[in-house]
Amino acid sequence: MSYKACFGAGFELGFSMASLPVTLVDRSYHNDVCPSFYFQLDARYYILYVDFCNPEQRENPDASRYTIVMAINEGDAEYPEIFPDDMEPDLFATDDAAALVQYVASLIRGYTNNNH
């Protein structure tokens, strides 16, 4: 389901999907508190939560707008079912979209440097 269908056509991510060096797959669901997307680097999955810009609209006003967590695929490669890995702490949290883009780029650099 599309995040705009779940959270309204006016929901702004605060960044362009093209600015991220990964492909985001929308995994938003209407019962969730905010839109979420997953991406994959090799065999690792990550979930990006994008909360409302206005902290007063967030379920937890003290939470950051952008949060990245490790994820697990409970499906398979053809039909992925991506869920947060509750055994792992949050990897990254910020209210700054530019910092989000930089962090995702650093994940890719770290993966590339460790595997080549």
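Residues numbered from 1 in each chain as written. Predicted model: local features only at pLDDT ≥ 70, side-chain atom pairs only at ≥ 80, totals over all residues. Heavy atoms only, no water.

Peer 1: Explanation requested: the overall build of the protein chain in the structure shown.
Peer 2: Scanning the protein chain from terminus to terminus reveals two helices and six strands. Reading the secondary structure of the protein chain in the N-to-C direction produces α-β-β-β-β-β-β-α. Here the protein chain has a C-alpha radius of gyration of 14 Å; the compact-globule value for 116 residues is 13 Å, and the two agree. Principal-axis analysis of the C-alpha atoms places the extent of the protein chain at approximately 45 × 30 × 30 Å. Out of the 116 residues belonging to the protein chain, those deemed buried represent 36%. Look at the contacts in the protein chain between residues 6 or more apart in sequence, and 46% of them connect residues 24 or more apart. Looking at the protein chain as shown, the accessible area adds up to about 6,900 Å², and 49% of this sits on carbon and sulfur atoms. For the protein chain, the distance from the average site of its 6 positive side-chain charges to the average site of its 18 negative ones is 8 Å. (Helix = DSSP H or I, 4+ residues; strand = E, 2+ residues; numbered from the N terminus. Rg over C-alpha atoms; globule rule 2.2 N^0.38 Å. Buried < 20%, exposed > 50% of the residue type's maximum accessible area, 1.4 Å probe, protein only. Contact = heavy atoms within 4.5 Å. Areas by Shrake-Rupley, 256 points an atom, 1.4 Å probe, with all protein chains shown as cover. Lys, Arg positive; Asp, Glu negative; His and termini not counted. Charge placed at Lys NZ, Arg CZ, Asp CG, Glu CD.)

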